[in-house]
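# Reading the structure
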Amino acid sequence: MRGGLGGREQALERLAATRAEPLDLLVVGGGITGAGAALDAASRGMSVGLVERADLASGTSSKSSKLIHGGLRYLEQREFGLVREASLERQVLGRLAPHLVQPVPFVIPVTSRLRRAQFGVGLWAYDALSNFRNSKFHRYLDRDETEELVPPLPRGKVRGGFTFYDSKTDDVRLVMENLIQAVRLGAVVVNHAGVVGIAPDEERVEVKVRDEVTGYDMFVHARRVLVAAGVWTDQVEHLAHADVNLALRPSKGIHLVFSRDSIPLGEAGVFIPDVARRRMLFVIPWLGSVLVGTTDTQYEGDIDAPPVEPEDRAYCIESLNASFGLGLTEADICGAFAGLRPLIAGKHGETADLSRRHRVYEMGPGVYGVTGGKLTTYRRMSTEAVDKIASDLDIREDSKTRWIKLGCSRLKGVLDPATARARRMGMEASVAANLVRCYGDRALDVLDLAATEGLTQPMSPGHAPLAVEAIYAARQEMAVDLEDVLARRTRLALVDPAGGMGPGSAAAEIMGAELGWDRAEVRAQIASYRAKLEEERGLPLGSAAAPRAVTPSVRSG
Ligand SMILES: Cc1cc2nc3c(=O)[nH]c(=O)nc-3n(C[C@H](O)[C@H](O)[C@H](O)COP(=O)(O)OP(=O)(O)OC[C@H]3O[C@@H](n4cnc5c(N)ncnc54)[C@H](O)[C@@H]3O)c2cc1C
């Protein structure tokens, strides 16, 4: 076994032992920012711990549009520096995680000469800002080429279109790979362990952490603390001192997921105008399904559970129907999720206009905060935060994250043996491709485990994840409940109308057997998972037709 996150119990014990020898750094929050910071600090030889209140990546970092992109839209806001930084990071991440960050062609259909000229200039600037080193240069397509690349477009409606490249990813997997590499370098990571108190001192910070599984509290000692708690940053800062500066202004973004039978998308993503023609929506091929989003609305509800509301669903469906001439209804929705952007409040204007820039700041003695930013630029913002802390601690080592591979040494080097192995075990090549997409080099470990356990069937019929992944998630990736497995270690909560709990699903039984749940606990897990997912989707589970079999692709070379 190539190793994962390590055991949760041992991690808690190591954290409890920090009274005698404090950590150099305790990171609060297991989203992409915290995970990136933990890896960055570990790469400098610092002793690092990370605690996450809920599951790893359960915050905004599992609810993104899954794009590692320069951010074409930010050109309109003249955020050239941000676009350049993000475009260069797209290249770095494609090299560090080739299984996870994969180029995807996008098409922008155009209907007028003016739009053609505007997009032409914008896309030239987009390529220039990545030093013309994107996978391919943008190109104008005639009408036939545009319609061929975007099959759902009604015939004869557009003049042509532009194609350009960005990358797509699985946001949760990116978090996991950062954490696994951090653990490999000595970091200690624990999920379902929330910070409930922070007591800064001259020499060290004492942090009270609650194990949400047992309810026990413990104290973790660290020379410095980095709060990377996304939209919860203000709440955590409040634990350190009373006069918190309420700097964050959450903005909600939702996505709907459809089957490819409902929206017959090809391999290219497409930008479509929304019904109000005020912003563009992405329509992206993702995990064999079609992801549509996103919105950007000021949010004042419960930040722990932002829901997809009826008007959100109507907005996306009307936009899709207007652009594609389809007759989609809510019954076609396979999945829906909502996330909150931790935007830094501006003085005026809507959240859509606020900068996606990040901020690293001192919250109090020994306690730093890092917030804002994007999934794409997590590495840069983590480095900036850890630079500050390292300099404060007089640690002179530089970050090495630019060179630390994120779980896949060579894509072809794992895809070929994994495919051969899967075939020998009687499975389709697409199963191996999905394992490589998720686990990189560790795909071979999952196949070994499938052979040992005799579990080669899917976790949920018609979907790519294998039943054995529930065991792997519990043993190697710290999954402690059903939601951890269905919503994050696999993404069945997003792409399956039944959320991975349809007829024939093996998830709850296998998790129960692995973690020693009795019948009552299995039932409670199922009920709690279903209730949470229905609340987020705003729809009953399993209300949509089952999608056709999923064949997510992963390209090598
Ligand atoms: C709809 C939407 C689409 C987006 N799409 C993209 C995209 O395509 N590309 C892109 O580059 N960016 C995108 N973004 C932005 C990106 O997703 C976020 O910037 C990023 O995920 C934020 O990560 P984070 O780690 O800062 O926050 P989070 O992922 O929210 O992590 C913070 C963590 O802190 C934990 N926490 C909170 N309180 C405590 C506590 N007391 N103790 C311990 N832990 C605690 C939370 O549980 C949470 O897991 C999108 C954002 C949204 C909302």
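Residues numbered from 1 in each chain as written. Predicted model: local features only at pLDDT ≥ 70, side-chain atom pairs only at ≥ 80, totals over all residues. Heavy atoms only, no water.

The tally for this structure, following the rule as stated, stands at 40 salt bridges. Between Arg53 and Asp304 there is a salt bridge, with its nearest N and O atoms 3.5 Å apart. On the criterion of sequence distance, the pair formed by Arg53 in the loop between β2 (48-51) and β3 (67-68) and Asp304 in the loop between β15 (297-298) and α9 (310-324) is long-range, its members being 251 residues apart. For the salt bridge of Arg155 with Glu147, the shortest nitrogen-to-oxygen distance reads 3.8 Å. Here the residues in one salt-bridge network are Asp55, Glu483, Asp484, Arg488, Arg489 and Lys532, joined through shared partners. (Salt bridge = Lys/Arg side-chain N within 4 Å of Asp/Glu carboxyl O. Helix = DSSP H or I, 4+ residues; strand = E, 2+ residues; numbered from the N terminus.)

Tallied over the full model, the rule gives 8 aromatic pairs. Ring geometry for Tyr439 and Tyr472: centres 5.3 Å apart, planes at 80°, overall edge-to-face. Here Tyr439 is found in helix α12 (residues 429-439), whereas its partner Tyr472 is found in helix α14 (residues 468-476), with 33 residues between them in sequence. Three or more aromatic residues joined by ring pairs form one cluster here, namely Phe106, Tyr126, Phe164, Phe271 and Phe282. (Phe/Tyr/Trp six-rings, centres within 6.5 Å; stacked < 30°, edge-to-face > 60°.)

This part covers the site of the ligand. Close to the ligand lie 36 residues; Thr33, Glu52, Ser61, Leu67 and Thr376 are nearest. Within the contact set of the ligand, a nitrogen atom lies 2.9 Å away from a backbone nitrogen or oxygen of Ser65. Within the side chain of Thr376, one N or O atom sits 2.6 Å away from an oxygen atom of the ligand. Within the complex, 96% of the 1,000 Å² of free accessible area of the ligand lies under protein. Where the shell around the ligand is concerned, the elements lending two or more residues are α2 (32-43), β8 (193-200), β11 (251-259) and β16 (333-341). The element contributing the most residues to the shell around the ligand is β16, with 3 residues. Of the residues contributing to the shell around the ligand, the split by class is 11 nonpolar, 19 polar and 6 charged. (Near = heavy atom within 4 Å. Polar contact = N/O pair within 3.5 Å; in protein donor to acceptor, adjacent residues only side chain to side chain. Areas by Shrake-Rupley, 256 points an atom, 1.4 Å probe, with all protein chains shown as cover. Nonpolar A, V, L, I, M, F, W, Y, C, P; charged D, E, K, R; others polar.)

Frequently, the measure chosen for interface size is the accessible area that the parts lose on association. One can read the domain layout of the protein chain as domain 1 (8-61 + 172-248 + 354-403), domain 2 (102-168 + 250-342) and domain 3 (411-537). Between domain 1 and domain 2, the contact holds 10 residues from the first and 7 residues from the second. Of the roughly 770 Å² buried between domain 1 and domain 2 on both sides combined, carbon and sulfur atoms contribute 58%. At the boundary of domain 1 with domain 2, the tally comes to 3 residue pairs in polar contact (both at pLDDT 80 or more). Here the residues of the side of domain 1 that touches domain 2 sort into 3 nonpolar, 5 polar and 2 charged. (Domains from an automatic or database assignment. Contact = heavy atoms within 4.5 Å. Buried area = accessible area lost by both parts, 1.4 Å probe.)

Turning next to the environment of Asn191. On the secondary structure map, Asn191 appears in the loop between β7 (188-190) and β8. Residues Asn191 and Glu212, 21 residues apart in the sequence, show an inter-C-alpha distance of 8.7 Å. Beyond its immediate stretch of four places on either side in the chain, Asn191 contacts Arg8, Glu52, Ala54, Asp55, Leu56, Met478, Val480, Asp484 and Arg489.

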